[in-house]
Protein chains: 2
Amino acid sequence: MDPAQEAQNREAFRQAVINTLERRLFYIPSFKIYRGVAGLYDYGPPGCAVKSNVLSFWRQHFVLEENMLEVDCPCVTPEVVLKASGHVDKFTDLMVKDEKTGTCYRADHLLKDFCKDKLERDPNLPAEKAAEFKHVLAVLDDLSAEELGAKIKDYGITAPDTRNPLSAPYPFNLMFQTSIGPSGISPGYMRPETAQGIFVNFKDLYYYNGNKLPFAAAQIGQAFRNEISPRQGLLRVREFTLAEIEHFVDPEDKSHPKFPDVANLEFLMFPREDQVSGRSARRIRIGEAVVQGIVNNETLGYFIGRVYLFLTHLGIDKDRLRFRQHLANEMAHYAADCWDAEIECSYGWIECVGIADRSAYDLRAHTDKSGVPLVAHEKFPEPREVEKLIITPAKKELGLAFKGNQKMVVEALEAMGEKEAMEMKATLESKGEAEFHVCTLDRAVTINKNMVSISKEMKKEHQRVFTPSVIEPSFGIGRIIYCLYEHSFNTRPSRDGDEQMNFFSFPPIVAPIKCTVFPLVQNQQYEEVARQIARSLTAYGISYKIDITGTSIGKRYARTDELGVPFAITVDSTSSVTIRERDSKQQIRVNVDEVASVIKEVTDGPSTWGDVLWKYPTHSS
Amino acid sequence: MDPAQEAQNREAFRQAVINTLERRLFYIPSFKIYRGVAGLYDYGPPGCAVKSNVLSFWRQHFVLEENMLEVDCPCVTPEVVLKASGHVDKFTDLMVKDEKTGTCYRADHLLKDFCKDKLERDPNLPAEKAAEFKHVLAVLDDLSAEELGAKIKDYGITAPDTRNPLSAPYPFNLMFQTSIGPSGISPGYMRPETAQGIFVNFKDLYYYNGNKLPFAAAQIGQAFRNEISPRQGLLRVREFTLAEIEHFVDPEDKSHPKFPDVANLEFLMFPREDQVSGRSARRIRIGEAVVQGIVNNETLGYFIGRVYLFLTHLGIDKDRLRFRQHLANEMAHYAADCWDAEIECSYGWIECVGIADRSAYDLRAHTDKSGVPLVAHEKFPEPREVEKLIITPAKKELGLAFKGNQKMVVEALEAMGEKEAMEMKATLESKGEAEFHVCTLDRAVTINKNMVSISKEMKKEHQRVFTPSVIEPSFGIGRIIYCLYEHSFNTRPSRDGDEQMNFFSFPPIVAPIKCTVFPLVQNQQYEEVARQIARSLTAYGISYKIDITGTSIGKRYARTDELGVPFAITVDSTSSVTIRERDSKQQIRVNVDEVASVIKEVTDGPSTWGDVLWKYPTHSS
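This write-up is about the structure you can find in this document. The shown structure was predicted, so the numbers you read here are calculated from the model rather than taken from an experiment. (Residues numbered from 1 in each chain as written. Chains lettered and ligands numbered in written order. Predicted model: local features only at pLDDT ≥ 70, side-chain atom pairs only at ≥ 80, totals over all residues. Heavy atoms only, no water.)

1. Observations concerning the packing of aromatic side chains
Note the cut-off: Stacked, edge-to-face and tilted are the three classes for Phe, Tyr and Trp ring pairs, Trp counted by its six-membered ring, which pair at centre distances within 6.5 Å; planes under 30 degrees apart are stacked, over 60 edge-to-face, the rest tilted. Buried means the residue's accessible area, taken with a 1.4 Å probe over protein chains only, is under 20% of the maximum for its type, while exposed means over 50%, and partly exposed covers the values in between. Here, a charge over a ring is recorded when the distance from Lys NZ or Arg CZ to the ring centre is within 6 Å and its angle to the ring normal is within 35 degrees.
Scanning the entire structure with this criterion turns up 60 aromatic pairs over all chains. Centroid distance Phe504 of chain A to Phe506 of chain A: 5.1 Å. Interplanar angle 5°. Geometry classified as stacked. By the burial criterion, Phe504 of chain A is buried, and Phe506 of chain A matches it. Three or more aromatic residues link up through ring pairs in this structure, and these residues are Phe13, Phe26, Tyr485, Phe489, Phe504 and Phe506 of chain A. In this structure, Arg14 of chain A packs its charged tip against the face of Tyr347 of chain A, placed 3.8 Å from the ring centre. Between the NZ or CZ atom of Arg580 of chain B and the centre of the ring of Tyr557 of chain B, over which it lies, the distance is 4.1 Å.

2. Re the sheet that holds strand E25 (residues 544-546) of chain B
Residue and element names in this part refer to chain B. To be explicit about the condition: DSSP-based pairing: two strands are paired if at least 2 bridges between them are found. Note on conventions: DSSP H or I runs of at least 4 residues are helices, E runs of at least 2 residues are strands, and numbering of each starts at the N terminus.
Spatially, the six strands line up as an open sheet ordered E25-E24-E26-E27-E28-E29, and their pairing is mixed. Of all the strands in the sheet, just E25 and strand E29 (618-619) have a single pairing partner and so form its edges. With five bridges connecting them, strand E24 (residues 515-519) and strand E26 (residues 567-571) associate as parallel partners. From the neighbouring strand, Pro519 faces E26, where its bridge partner is Val571.

3. Description of the pairing of strand E24 (residues 515-519) of chain A
All names here are of chain A. What counts here: By definition, the crossover connecting two strands over a helix is right-handed if that path, from the first strand to the second, turns clockwise as seen with the strands pointing away from the viewer.
Taking burial as the measure, the five residues of E24 include five buried ones, the bulk of the element. With burial as the criterion, each face of E24 is covered, one bearing Cys515, Val517 and Pro519 and the other bearing Thr516 and Phe518. One ladder, built from three bridges, connects E24 with strand E25 (residues 544-546); its direction is parallel. By the bridge assignment for E25, Cys515 is matched with Tyr544. For the crossover that starts at E24, traverses helix H19 (residues 524-539) and ends in the parallel E25, the hand is right-handed.

4. Remarks on unusual backbone geometry
Residues and elements named next belong to chain A. In this chain, Leu213 is followed by Pro214 through a cis amide linkage whose omega measures -10°. Topologically, Pro214 is positioned in the loop between helix H9 (202-208) and strand E10 (215-224). Positive phi, normally seen in glycine, also occurs at Leu25, with a value near 60°. Tracing the chain through its elements places Leu25 in the loop between helix H1 (3-23) and strand E1 (27-29). Note on Leu25: relative accessible area 3%, which makes it buried. Phi at Phe31 takes a positive value of approximately 55°, unusual for a residue other than glycine. Within the element layout of this structure, Phe31 appears in the loop between E1 and strand E2 (41-43).

Below, the structure is given as structure tokens:
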């Protein structure tokens with residue numbers, strides 16, 4: 001199929017899904033009667049139920065299964081915390097303004113749209129130009145404000161709505177700012193992620209865990225990003241639910257005792273090298289990926305495997321799920337490795353879960369800012385003689401040489417590993433100076449021998465004190481749910497064949513309502529049976545919808561299929577009733593007093609529809 | 001006991017509870033390593049589990065049982081919504097500032113503290129003065145800014161920390177303000193309650209419910225109040241979880257089909273009249289309270305009964321729970337009736353759930369502001385001839401007479417009921433003018449006959465269009481949980497009798513962890529059995545803690561009792577194990593392969609400890 005046709009099909013499919021979702025109140029644009037607010041959505045009744053089911057399963061699959069320490073911290077966060085984490089200074093997007101109306105746009109979006117448009121719509125584009133636009137699209141995320149501004153100027157890009165000229169790009173901080181308390185002197189922000197609440201509690205959580213590593217803490221909660229101009233509907237929103245895990249490990253031992261449980265899973269992976277060399281994602285066994293060093297360590301690999309099981313169990317299509325490794329330029333400088341679980345939907349491949357080895361960065365940042373050491377201890381059975389690397393930066397000399405950048409250089413020197421430090425020592429001794437790359441400055445500086453002293457000393461130690469590494473799987477719940485909607489959406493002809501009917505093939509654990517109860521015809525006896533069944537469903541904790549309208553049974557099935565309800569109970573006698581399964585439309589006949597327990601079995605486990613199908617007589621209508 | 005001693009005991013008890021809660025990480029002052037922020041708390045692992053259990057039970061007891069429509073709306077709310085609801089103009093507390101340091105205080109708190117202090121500590125207080133201070137305390141909530149300021153001046157009250165003079169009181173809006181989008185021209189607030197998200201969706205929810213009344217919508221979520229100076233620890237916080245129900249009914253029929261289910265419940269109620277006449281709360285059957293008109297209607301009564309069941313099922317002591325009716329001056333002018341579920345704890349009687357009949361106020365407010373009619377329809381089987389009251393305010397005349405208040409007067413005239421309108425018509429005809437009380441102006445105005453025309457006309461109507469009334473049970477989840485902690489906290493002597501041990505007697509549904517697993521002695525075989533039991537507990541979805549330290553069994557029981565874990569499994573053989581119940585310390589002996597299902601039965605139902613106690617051999621250690 002040609003790309004234009006494909007794009008059109010994708011768009012039509014998306015519209016069909018979104019229409020159904022909106023019509024059946026899976027979601028509602030927030031504050032709709034006031035014409036809404038871009039990037040804010042409500043979960044209506046079925047959407048809210050799906051969300052709550054996804055979160056329950058998340059708790060069961062991660063928190064309970066791994067005995068994680070779940071916490072719940074406020075959204076309102078004082079500035080000092082987000083200063084330490086880097087969000088106050090760096091959590092920005094580059095923005096341009098319409099110089100006449102003041103309307104704001106994301107600078108990279110405008111450039112991206114311009115290049116894509118040229119590539120897609122200009123049949124006479126010279127090959128050279130096409131190559132240039134493709135290159136711009138490839139490096140878009142790496143462009144500085146100046147570079148972006150220059151391109152926008154070069155290409156003569158103007159404001160999309162008015163064609164007015166645009167300002168130069170400048171950073172806009174994406175956090176919602178507020179003020180804590182009445183004085184107006186304590187700035188605060190709505191948290192952009194839940195992770196910081198866990199990091200600042202590391203000391204208490206480590207103690208709660210009996211001062212033992214590894215352990216994981218988890219948090220589910222709202223996060224906020226004041227997007228410049230939200231697009232992509234439900235995927236890029238200004239308030240969303242995150243579910244985050246921070247797994248703390250000894251940086252010298254990132255093995256995982258349960259890794260063998262997932263090692264044989266095989267799924268689509270897209271390692272960095274394959275991306276760079278233009279290959280496609282391929283199926284790799286996760287055990288193999290760790291052995292080959294494609295994935296940095298067992299713990300990271302374990303979580304990748306668990307995330308795969310989580311998503312596919314919810315109903316994500318395993319052929320439209322891949323784990324993509326971050327490229328070197330995408331990854332934070334402190335990260336050891338990072339993989340995104342990407343799900344393919346009509347918008348393309350969407351990042352839904354990030355699984356990053358963030359090394360010791362976050363705990364170190366809060367240790368520095370708060371003065372409270374967020375460290376772990378390993379007691380030795382007996383004291384050890386150890387050779388210790390001692391790096392002593394000469395702060396005064398460095399201050400004279402690097403002025404405002406002194407702190408960054410000092411930190412970089414102190415953070416050197418043994419190998420790097422001993423090489424520098426040798427170079428300084430032989431040449432008197434050495435080139436030294438400072439990540440936080442993004443350039444190399446020249447260090448001379450008066451600026452740092454490096455030595456090794458023997459010391460008696462009773463324990464090892466270290467900053468744990470953290471491995472962070474972070475789940476965008478709303479994005480997962482949206483992709484689940486697309487993957488579960490189907491159409492099939494109606495009974496009489498003259499209409500296309502929509503249905504969501506949610507697995508029972510996800511389905512917003514587990515079953516519907518219909519009296520076949522309007523009749524007091526049947527309605528009484530329906531109510532009796534409803535009461536026993538409630539007692540079992542099963543959500544249901546009762547429909548006593550006189551509408552034809554076919555229409556009532558269609559309504560309930562469109563909500564993704566997996567089972568429909570039709571009352572057509574006072575002693576036994578039929579249960580119909582949504583996807584297969586198969587029906588079985590079950591006694592009235594057994595029906596609730598059968599539904600319980602096939603929705604909460606341990607049985608599947610296949611299991612009960614042979615146990616009860618089938619029914620054909 | 002004398003009041004001072006009683007106060008001291010209460011304080012000591014509270015300290016014991018709070019110490020245990022904080023030591024065992026039920027909660028943690030948020031951002032503690034940065035010295036915290038007043039009024040913000042984290043739920044640590046056991047607290048987070050308790051919260052999640054309380055919310056699950058809330059969903060089961062209310063949402064599932066009543067087939068409510070649960071929604072989930074954002075916290076970030078545009079100004080227009082909260083302007084309509086009245087929060088932008090009226091959601092304020094009166095504040096005073098230390099004139100030198102700028103420190104802020106709640107004006108009523110300072111006055112309250114001053115009066116209480118005088119009453120409690122000044123033995124020579126003349127009876128007349130004592131009566132005056134008591135009166136001030138009684139009317140504290142009704143004082144205007146001017147009156148509060150005058151009292152503060154009269155009594156010479158100064159800033160508590162510095163003794164500096166104080167500013168006059170002025171209103172401070174309690175909402176956290178922010179800005180939506182990058183332009184800085186769209187003010188927004190963090191919602192102070194979840195209810196507004198439901199009201200603005202009324203039209204869609206009514207449609208989802210098949211355009212039928214009554215129905216209820218529900219929402220669980222964060223709410224925010226930027227308290228001036230938070231006190232009372234976990235009870236008055238700046239961010240908290242609310243669970244709210246908005247039950248929409250026909251104002252002409254507030255009966256409830258399930259009212260007979262609760263009518264025979266009897267509990268402590270504190271009607272308005274009893275409060276005013278100085279009587280105490282008394283036990284009343286809720287059925288009786290509705291019949292006697294103490295409670296305004298069946299639906300309100302039904303929810304009061306359901307709230308009673310909810311709270312006592314969680315473990316709230318029924319003798320320290322009462323339903324107190326709002327006094328006339330406490331109630332919003334539009335409310336038909338309002339009851340608070342108050343729970344007694346060391347801070348006194350604390351409002352934990354508000355159950356209000358808010359009449360049509362909220363839907364009308366959003367109808368007016370948005371222009372979208374939030375109404376319900378009742379179709380008549382055949383058209384009816386009805387006499388309709390027609391009130392036509394003469395806006396121009398009213399504008400000339402009342403200037404900026406014109407709108408309030410117009411609205412009040414239009415909102416007149418039939419009786420009031422016909423009386424006004426008569427008065428206008430006989431005297432040419434009439435006194436008219438305008439609630440929103442809080443005073444009477446004079447209306448003359450040119451300002452309004454009132455008449456009755458016969459009309460043919462096909463349907464009745466009306467604004468539904470809303471009955472709102474609103475739950476402060478954090479407050480309920482704190483009271484639950486106090487009501488569940490107990491001490492008893494240790495085994496050897498030389499120590500007092502704390503334990504929380506949570507019912508299994510609330511307990512943060514359902515059971516612990518201990519090998520009796522450190523031994524590989526027992527540890528393997530313990531792990532096998534742990535795996536089957538996970539499969540059943542039961543949270544557990546495994547403790548393989550060599551600590552004495554008595555100490556391990558004490559640790560787990562202090563977390564409120566109801567059951568402890570001790571592995572003392574490879575074939576059978578003991579289960580110990582926390583409160584009775586009774587033990588039974590159960591086969592290894594049965595133990596998980598027994599724990600499941602007694603934690604999730606249907607059995608109780610009493611049921612299993614006679615089924616299995618008891619064990620005495």
